[in-house]
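Secondary and tertiary structure notes
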Amino acid sequence: MNEKIVLALGGNALGYTPDEQKQNVKTVAKTIASLIEQGKKLVITHGNGPQVGLINLAMSTSHLSNEKTPEMPFAECGAMSQGYIGFHLQNAIKVQLEKKGIHKPVISVLTQTLVDENDKAFKNPTKPIGSFYSEKEAEKISKEKNYIFKEDSNRGYRRVIASPIPIDIIEKETIKKLINMDTVVISGGGGGIPVIEKNGELIGVDAVVDKDFTSEKIAEIINADMLVILTSVEKVAINYGKENQKNIDEISVEESEKYIREGQFAKGSMLPKVEACIKFVKERKNKYAVISSLDKAIDAILGKAGTKFRRK
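Read on for an overview of the structure.

With that settled, consider the sheet that holds strand β15 (residues 250–252). Overall, mixed pairing links the eight strands, which are arranged β3-β9-β2-β1-β12-β16-β17-β15 in an open sheet. The open sheet has two edge strands with one neighbour each: β3 (106–108) and β15. Each strand axis lies, on average, 20 degrees off the axis of its neighbour in the sheet, ignoring direction. Judged from the three bridges that link them, β15 and strand β17 (residues 307–310) form a sheet pairing that is parallel. Residue pairing across strands places I251 opposite F309, the latter belonging to β17.

A few words on helix α7 (residues 253–261). Within the span of α7, buried status applies to V253, S256 and Y259. Viewed along the axis of α7, the buried residues span an arc of 125 degrees, placing them on a single side of the element. Packed against the buried residues of α7 are β13 (237–238), β15, α8 (270–282) and β17. G263 sits one or two positions beyond α7 and adopts a positive phi of about 75 degrees.

So, on to the environment of R284. With respect to the helices, strands and loops of the structure, R284 is situated in the loop between α8 and β16 (288–293). Judged by its relative accessible area of 19%, R284 is buried. Separated by 64 residues in the primary sequence, R284 and E220 have C-alpha atoms spaced 9.4 Å apart. Aside from chain neighbours lying at most four places away, what touches R284 is E216, E220, K279 and R311. From its side chain, R284 meets the backbone oxygen of K279 in a polar contact 3.3 Å long. Within the structure, R284 has its side chain in polar contact with the backbone oxygen of F280 (distance 2.9 Å).

Analysis parameters
- Residues numbered from 1 in each chain as written.
- Predicted model: local features only at pLDDT ≥ 70, side-chain atom pairs only at ≥ 80, totals over all residues.
- Heavy atoms only, no water.
- Pairing = 2+ DSSP bridges.
- Helix = DSSP H or I, 4+ residues; strand = E, 2+ residues; numbered from the N terminus.
- Axes fitted to C-alpha atoms, helices over the stretch in contact; angles between N-to-C directions.
- Buried < 20%, exposed > 50% of the residue type's maximum accessible area, 1.4 Å probe, protein only.
- Arc of directions from axis to C-beta.
- Contact = heavy atoms within 4.5 Å.
- Polar contact = N/O pair within 3.5 Å; in protein donor to acceptor, adjacent residues only side chain to side chain.

Encoded structure:
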């Protein structure tokens, strides 16, 4: 009872269009309402990959067709995605809670994530965003806008931006106060809007903070009892996709780090999820992290599904 849990939802699970998302969040909301009914205190984080990509593409296309339409910086695109995903989530969660006779406030916190402008990720951007271009088109745009492009799986060239490590959450005190007021909080959407601090100001930067690392940072800040990362598979596996694939029920920090050294977890996919779980449990006694699928979320929290991470 009264466990504090950070529940991290994958952006892909929310859908690829606003209408699809409205339907998908109804399923998500039922799970969340059931957990709240059991007395859990939740902070819900979420990805925004498909959504921010759609916004960025729409704004870029509009600018290309009409110069009077300003280009939208990527940080602002991230803010837009937080807004409309948060709107759908808090709406659906509130409806499900009311159906259960639970009268709790649900709020989305527009979240800024502090990053270091000297983070090495800015020197070697790897996160692809936006449309595919031919080599000639990419070279032209690169010269005009100083963007960096890389070839993506022989499908063409895409702009790449940095994925720095989160240092802090700007709205952390607000999030903590809301949790203590028994509010259901949605925060850290898409990893948060990446900002740097310069001359006493917070400045948005073209970057994507991994939402799993941001979820872990929020879990630290609120002193959560559990970090739950929901993805498309029920359990973490080694030798994934091979004949000797082995699903893992429970794993220690040491075992996890060994598998990372062996290259068992895909970069940009399972690896950041595993690394976030390791970071959360490594320095904390009696704290747990779980990776599982959305449909197994409740069982995962109860220890009946998913992969559980422990210190030893």
